[in-house]
Every structure is written in C-alpha cells, then in structure tokens.
Amino acid sequence: MAKRSLSPDEYLRWRKHHALYRLSHSETEKLKRWVRGYWDTIPDRENDACWLCPHSKLPSARGGRISKSVYFRTSTRGHQISFNFGIIALLVEGRLRNSHKKMIIKESWELSHLCGNWTCLNPRHFTIESGSINRSRKTCFRRYRCDHNLPCKIEKKRPLSELA
Ligand SMILES: [Zn+2]
Ligand SMILES: [Zn+2]
C-alpha cells in the first residue's frame with residue numbers, strides 16, 4: 001500500500017483498521033495487561049455495578065475519557081492511533097463485534113457508557129455508537145427518562161464531581 005497517497009482521513013481509517021484487525025499477538029498481550037491493570041484496581045467486580053476507576057489511575061488531563069495510544073510498525077515506519085479504554089477492553093477480550101469495528105473505522109463511532117459515568121470500567125456498561133446518540137444520552141440522565149433502543153442505565157448515573 002502506497003501510504004504517501006493517503007489523505008489524512010484515509011490514513012486515520014487505515015490506522016484504525018490495522019489496530020482493530022491486525023495487531024500482533026505481543027501487541028495484543030501488551031494491551032491486555034494495560035486493561036487488566038485498570039480492572040485489578042476494582043476489588044469487587046460485580047456484574048451490575050459501575051466499576052469506577054480510582055482517582056489515582058485517572059489521566060491527569062481530565063478530558064472526560066481514559067484513552068490509550070496504540071503503536072505498531074509496518075516495514076517502513078511506526079504508526080500511532082488512540083482509542084478509549086472501553087474500545088481497547090472490548091477488543092482484547094474478543095468482545096468487539098465486527099459490525100462495530102466497521103462503524104468505528106468508517107463512521108467514527110465511539111465508545112459510549114450506558115451508565116453515563118465516564119470513569120466506569122465495566123464492559124457491560126459499554127456500547128459502540130455514533131457520537132450524536134452518545135451525546136443524546138445526556139438528556140436521559142437529566143430528565144430521568146429514556147427512549148433509547150439500548151436503554152440508558154439512568155439509576156447508575158453519578159454526579160460528575162464523584163467521578164473525578
Ligand atoms: Zn457503569
Ligand atoms: Zn437514554
């Protein structure tokens with residue numbers, strides 16, 4: 001593939017595709033250890049509960065997301081792409097559906113928290129959806145009413161001040 005001819009958008013999609021489909025075993029194992037490092041900080045990982053990331057593990061730049069840069073090499077050079085914790089966690093656990101991978105690549109779908117708590121690490125509270133649906137969930141937490149097909153877990157929402 002002649003990468004020099006790719007537009008910035010095409011190169012971004014190429015990097016996402018590579019990271020979601022073609023990471024080596026050792027690259028995947030490294031990411032697994034990173035994910036486990038977060039999960040290990042939650043002593044009781046109950047299925048239904050929010051697994052709120054401890055403050056000490058949160059990024060110092062509070063951008064409302066926990067993200068990870070993935071690095072990989074091709075024959076000529078190195079590449080970097082950054083994903084939300086939830087996407088990496090679903091990926092390395094083999095729980096990121098193919099249809100979702102495609103939409104992350106083609107339509108910039110993103111990680112969304114059904115519980116509305118951005119520091120929650122529980123994969124059962126993750127979904128992959130468009131940015132507009134993700135943002136529309138904020139209204140449900142405010143009104144305490146939800147019409148989404150995949151319902152918001154309204155009762156789990158905590159005030160932002162309790163998260164970070
Ligand atoms: Zn949660
Ligand atoms: Zn909702």
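Look up a bit, the structure's there.
A brief report on the enclosed structure follows. The shown structure was predicted, so the numbers you read here are calculated from the model rather than taken from an experiment. (Residues numbered from 1 in each chain as written. Chains lettered and ligands numbered in written order. Predicted model: local features only at pLDDT ≥ 70, side-chain atom pairs only at ≥ 80, totals over all residues. Heavy atoms only, no water.)

Next up on the list: the overall build of the protein chain. Tallying secondary structure elements over the protein chain gives six helices and four strands in all. Listed by position from the N terminus, the elements making up the protein chain come as α-α-β-β-α-α-β-β-α-α. Taking the principal axes of the C-alpha coordinates as reference, the protein chain spans close to 50 × 35 × 30 Å. Of all 164 residues assigned to the protein chain, the portion counted as buried reaches 40%. Look at the contacts in the protein chain between residues 6 or more apart in sequence, and 59% of them connect residues 24 or more apart. Positive and negative side-chain charges of the protein chain, numbering 33 and 15 respectively, have mean locations separated by a distance of 6 Å. (Helix = DSSP H or I, 4+ residues; strand = E, 2+ residues; numbered from the N terminus. Buried < 20%, exposed > 50% of the residue type's maximum accessible area, 1.4 Å probe, protein only. Contact = heavy atoms within 4.5 Å. Lys, Arg positive; Asp, Glu negative; His and termini not counted. Charge placed at Lys NZ, Arg CZ, Asp CG, Glu CD.)

Turning our eyes to something else, we now look at the layout of surface pockets. There is about 800 Å³ of room inside the largest pocket. For the largest pocket, the lining is made up of 32 residues, of which Gly64, Glu110, Leu111, Trp118 and Asn134 are closest to its centre. Those elements that provide at least two residues to the lining of the largest pocket are strand 2 (78-84), helix 3 (85-92), strand 3 (110-113) and helix 5 (131-143). Among the elements that line the lining of the largest pocket, the one with the most residues is helix 5, at six residues. A class-by-class count of the residues in the lining of the largest pocket yields 14 nonpolar, 10 polar and eight charged. Lining the second largest pocket we find Leu90, Arg95, Leu96, Arg97, His100, Pro123, Phe126, Thr127, Ile128 and Leu150. Considering every element that reaches the lining of the second largest pocket, the biggest residue donor is strand 4 (residues 126-129), with three residues. Here the residues of the lining of the second largest pocket are counted per class, giving six nonpolar, two polar and two charged. (1 Å grid on protein atoms, 1.4 Å probe; cavity = no way out; pocket = protein on both sides within 12 Å on 5 of 7 lines; lining within 4 Å. Points joined across faces, edges and corners; volume = space filled by probe spheres on them. Nonpolar A, V, L, I, M, F, W, Y, C, P; charged D, E, K, R; others polar.)

Judged by nonpolar contacts, the single largest core of 35 residues is most densely connected at Ile66, Phe83, Phe85 and Leu121. At the level of secondary structure, the elements contributing two or more residues to this core comprise helix 1 (8-21), helix 2 (25-39), strand 1 (67-73), strand 2, helix 3, helix 4 (98-107) and strand 4. At seven residues, the largest contribution of residues to this core is made by helix 3. Apart from residues lying up to four places away in sequence, Ile66 is in contact with Trp34, Tyr38, Cys53, Leu58, Pro59, Phe83, Asn84, Phe85, Trp118, Thr119 and Leu121. (Core = buried A, V, L, I, M, F, W, Y, C linked by side-chain atoms within 4.5 Å.)

Those donors, Cys140 (SG), Cys146 (SG), His148 (ND1) and Cys152 (SG), are the protein atoms that reach the zinc ion (ligand 2), and they lie 2.1 to 2.4 Å from it. Its four donor atoms give the zinc ion (ligand 2) angles of 97 to 119° at the centre, a pattern that matches the tetrahedral case. Binding-site remark: the zinc ion (ligand 2) is held by donors from one chain whose sequence spacing is C-x5-C-x1-H-x3-C. Residue Cys140 is classed as buried on the basis of its relative accessible area, which comes to 2%. (Donors = N, O, S within 2.8 Å, 3.2 Å for Na, K, Ca; no water. Tetrahedral: all angles 85-135°; square planar, octahedral: opposite > 155°, others 65-115°.)

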